[in-house]
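# Notes for the structure review
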Amino acid sequence: MVARSSDVRPSAVRHSAYPGAGGRRVRGAGRLAGLGLGGAALLVLLTGCDVGAAFGGFGWPQGGITPEANRMYDLWIASCVAALAVGVFVWGLIFWCVVRYRKRGNQLPVQTRYNLPMEFLYTIAPILIVSVLFYYTAIVQTDVGKTSRNPDVTVEVVAFKWNWQFNYRDGQGVEANTVASVLGTSEVIPILVLPSDRSIRFEETSRDVIHSFWVPEMLFKRDVFPGTIRNVFEVSKLEGEGAYVGRCAELCGTYHAFMNFELRVVTPEKYDQFIAAKQDGRSTQEALTAIGEDPYATTTEPFDTRRTDANFNPDKSATGSGS
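The structure presented is a predicted model; accordingly, all values stated were derived computationally and were not measured.

In this section: the overall build of the chain. Within the chain, the regular secondary structure consists of seven helices and 10 strands. Surface accessibility of the chain: about 20100 Å² in total, with carbon and sulfur atoms responsible for 59%.

In this structure, Tyr168, Leu194, Phe202 and Phe213 are the most contacted members of the largest nonpolar core, which totals 49 residues. Per-element tally for this core: the top contributor is helix α4 (residues 67-100), with six residues. Each of domain 1 (50-101 + 116-146) and domain 2 (153-291) contributes no fewer than three residues to this core. The residues contacting Phe202, other than those within four sequence positions of it, are Val155, Val157, Leu192, Leu194, Phe213, Met218, Asn231, Val232, Phe233 and Val235.

Another point: the pattern of salt bridges. Under the defined criterion, the tally for this structure stands at 12 salt bridges. Ionic pairing is found between Glu156 and Arg169, a salt bridge with its closest N-O pair at 3.7 Å. A residue pair is termed long-range when its members are at least 10 positions apart, and Glu156 in strand β1 (residues 153-160) and Arg169 in strand β2 (residues 163-169) qualify at 13 residues. Each of Glu156, Arg169, Arg201, Glu203, Arg230 and Glu234 takes part in a single network of salt bridges with overlapping partners.

Our next topic: the packing of α4 against helix α5 (residues 116-145). In the contact formed by α4 and α5, the axes pass within 9 Å of each other and the chain directions differ by 170 degrees. On the basis of their axis angle, the class for α4 and α5 is roughly antiparallel. Residues Glu68, Arg71, Met72, Leu75, Ser79 and Val86 of α4 form the contact with α5, whose own contacting residues are Ile129, Leu133, Tyr136, Thr137, Val140, Asp143 and Val144. Counted by class, the contact of α4 with α5 contains eight nonpolar, two polar and three charged residues.

It is worth spelling out a nonpolar patch on the surface at this point. Together, Val86, Val88, Phe89, Val90, Trp91, Ile94, Phe95, Val98, Val99, Ile129 and Leu133 line one region of the surface with nonpolar side chains, adding up to about 960 Å² of accessible area. Put simply, the parts of the chain that give the nonpolar patch at least two residues each are α4 and α5. The dominant element in the nonpolar patch, judged by the number of residues it contributes, is α4, at nine residues.

Attention now moves to the packing of aromatic side chains. In the structure shown here, the tally under the stated rule is 16 aromatic pairs. Geometrically, the ring pair formed by Trp164 and Phe166 is stacked, given 6.4 Å between the ring centres and 10 degrees between the ring planes. Classification of Phe166 as buried rests on a relative accessible area of 0%. In this structure an aromatic cluster arises from ring pairing among Trp164, Phe166, Phe202, Phe213, Phe220, Phe233 and Phe261. Sitting over the face of the ring of Trp214, Lys221 holds its NZ or CZ atom 5.2 Å from the ring centroid.

Reading the values: rules and limits
Residue indices begin from 1 for each chain and proceed along its sequence in written order. The model is predicted, so local features are restricted to residues of pLDDT at least 70 and side-chain atom pairs to those at 80 or more, both for listing and for counting; the totals for chains, interfaces and linings are taken over all residues. Side-chain measures here rest on the full set of heavy atoms in the structure, leaving out hydrogens and waters. Only runs of H or I of at least four residues qualify as helices and only runs of E of at least two qualify as strands under DSSP, and these elements are numbered from the N terminus. Accessible surface is estimated by sampling points in the Shrake-Rupley manner with a 1.4 Å probe; for residues, cover comes only from the protein chains shown. Throughout this description, the term nonpolar core refers to a set of buried Ala, Val, Leu, Ile, Met, Phe, Trp, Tyr and Cys residues connected via side-chain atoms within 4.5 Å. Residue exposure (1.4 Å probe, protein chains only): buried if accessible area is under 20% of the type maximum, exposed if over 50%, otherwise partly exposed. Those domain boundaries reflect an automatic or database domain assignment. Note on contacts: a residue pair is in contact if any heavy atoms of the two residues lie within 4.5 Å. A carboxyl oxygen of Asp or Glu within 4 Å of a side-chain nitrogen of Lys or Arg is what we treat as a salt bridge. Fitted lines through C-alpha atoms give the axes, limited to the stretch in contact for helices. The angle between two N-to-C directions lies from 0 to 180 degrees. Roughly parallel refers to an angle under 35 degrees, roughly antiparallel to one over 145, roughly perpendicular to one between 65 and 115, and oblique to any angle outside these ranges. By the convention adopted, Pro, Cys, Tyr, Trp, Phe, Met, Ile, Leu, Val and Ala count as nonpolar, Lys, Arg, Asp and Glu as charged, and the other residues, Gly among them, as polar. Patch membership requires more than 30% relative accessible area and the absence of a salt bridge. Residues of like charge join within 9 Å; the nonpolar side chains Val, Leu, Ile, Met, Phe, Trp and Tyr join within 5 Å. Planes of paired rings set the category: under 30 degrees apart is stacked, over 60 is edge-to-face and the rest tilted, where pairs are Phe, Tyr or Trp rings (Trp by its six-membered ring) whose centres lie within 6.5 Å. We count a charge as sitting over a ring when the NZ of a lysine or the CZ of an arginine lies within 6 Å of the ring centre and within 35 degrees of the ring normal.

Purely geometric stuff here, so don't read any function into it on its own.
Rendered as structure tokens:
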């Protein structure tokens, strides 16, 4: 029995009307494979060059002086590269669909429904991406926050309105003794002298309000709390000798913006000589001069307190003179 043309299913007519459909599927698969290979090649190209320097660190500061800073920087760059690779792949799929399935008539293209491999891909792939990013983030975060039992140097950072005091300690915790100290004033910027290539433990406390200890080149800052809370963190070593500005990164009052200090990284030999000079009773400036360093800060200047001016009297009359 021969079926009439009106009895033939529309789907059969559709398949028989396009004899080259199988070839187009092969070409479509080839385009997808090419797109995947192109994305992989782009990822290899980006990871093979200094992407951070080429793109300004993708907004992350560059020039870290600790291994911890470099690990955080590398994690940020890798995350940005992965996000770009996913974005390029998704954008490629969108543009391919726009071109491939643009309207050519009144007939709809074949609709894809209940495609298990595709549903598996767009469900599992995001979970895998998030899991990988979470894994490396947890590793770097744990590494940056870990402390050791016996660091080479322990410094107690004491913040107050609006300056800093750095106490060099002979151990950890509040029971340790201070062997040397640097105190900042309104006229002299405090200089924190630390050695390169040694592990350093920072123990922070505040005399009044919340401050924040921040050296931009360390790519890390931690709040300084008053009371019995002692925030603690360590760096495995400082890489690169020189002078680096330090700041308070927490709004703490009127002169917050001028609450600066300087980190001076020197050789271990010079550091030992500096501590010995301080223990002999020399001032910070004398101890710095003794090891061949500038006695005063070179990266920042003391703030002008304007205490001798009548700040609110246009005629510069003496403060508190009354009438």
